[in-house]
Amino acid sequence: MINEKRLFTVPETREYLSIGHTTLYKLVKNGVITPIKIGKATRFDRQTLDDFISNKLLEV
């Protein structure tokens, strides 16, 4: 889909993954999910998040 959003804000990322702020912070701190910094803004790439979800599903 052309209008599909590629980059998510922190609140959008939390909603997309259905996790809280603390869990997202831990994932970033541990290098599991790498944010993109654009100036002072923090964004998360949809493909990175989808890869994270896929890897978690493979662990089950």
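Residue positions are given per chain, counting from 1 as you read along its sequence in written order. Confidence filtering applies because this is a predicted model: local features only for residues at pLDDT of at least 70, side-chain atom pairs given and counted only at 80 or more, and all residues used for totals across whole chains, interfaces and linings. Side-chain figures throughout are based on the complete set of non-hydrogen atoms in the structure, without hydrogens or water.

### Comments concerning the overall build of the protein chain
The numbering of helices and of strands both runs from the N terminus, where a helix is a DSSP run of H or I of at least 4 residues and a strand a run of E of at least 2. Of regular secondary structure, the protein chain possesses three helices and three strands. Secondary structure elements in the protein chain, listed N-terminal to C-terminal, are β-α-α-β-β-α. The atom set for the radius of gyration is the C-alpha atoms, and the globule formula is 2.2 Å times the number of residues raised to the power 0.38. A compact globule built from 60 residues would reach a C-alpha radius of gyration of about 10 Å, and the protein chain, at 12 Å, matches this within 12%. Referenced to the eigenvectors of the C-alpha coordinate spread, the extents of the protein chain come out at roughly 35 × 30 × 15 Å. Remark: exposure states derive from per-residue accessible area (1.4 Å probe, protein chains only) relative to the maximum for the residue type, with buried under 20%, exposed over 50%, and partly exposed in between. Across the 60 residues in the protein chain, those meeting the buried criterion constitute 20%. Note on contacts: a residue pair qualifies if any of its non-hydrogen atoms lie within 4.5 Å across the two residues. A separation threshold of at least 6 residues defines the contact pool for the protein chain, and within that pool the share at least 24 residues apart is 54%. Here the protein chain displays about 4700 Å² of accessible surface, and carbon together with sulfur accounts for 55% of that area. Accessible areas in this description were obtained via Shrake-Rupley with a 1.4 Å probe; residue shielding takes into account the shown protein chains only.

### Some points on the side chain of D45
Among the structural elements, D45 can be located in strand β3 (residues 41-45). Side-chain atoms alone can form a polar contact between residues adjacent in sequence; in general such a contact is a pair of N or O atoms within 3.5 Å, and within protein one must be able to donate a hydrogen while the other accepts it. Here the side chain of D45 touches Q47 through a polar contact of 3.1 Å, landing on its backbone nitrogen. Every residue in contact with D45, bar those within four places of it in the chain, is listed here: R6, L7 and I36.

### Some thoughts on the pairing of β3
In the sheet, strand β1 (residues 7-8) pairs with β3 via two bridges, with the strands oriented antiparallel. What sits directly across from L7, in β3, is D45. Pairing geometry for strand β2 (residues 36-38) and β3, over three bridges, is antiparallel. Its bridge partner lying in β3, I38 is registered against A41. Any two strands with at least two DSSP bridges between them are considered paired.

### A closer look at the pattern of salt bridges
When a carboxyl oxygen of Asp or Glu lies within 4 Å of a side-chain nitrogen of Lys or Arg, that pair is called a salt bridge. Counting across every chain of the model gives three salt bridges. Residue D45 pairs with R6 through a salt bridge whose shortest N-O separation is 2.7 Å. In this pair, D45 sits in strand β3 while R6 sits in the segment before β1, placing the two residues 39 residues apart along the sequence. Take R6: its relative accessible area is 58%, and that puts it in the exposed class.

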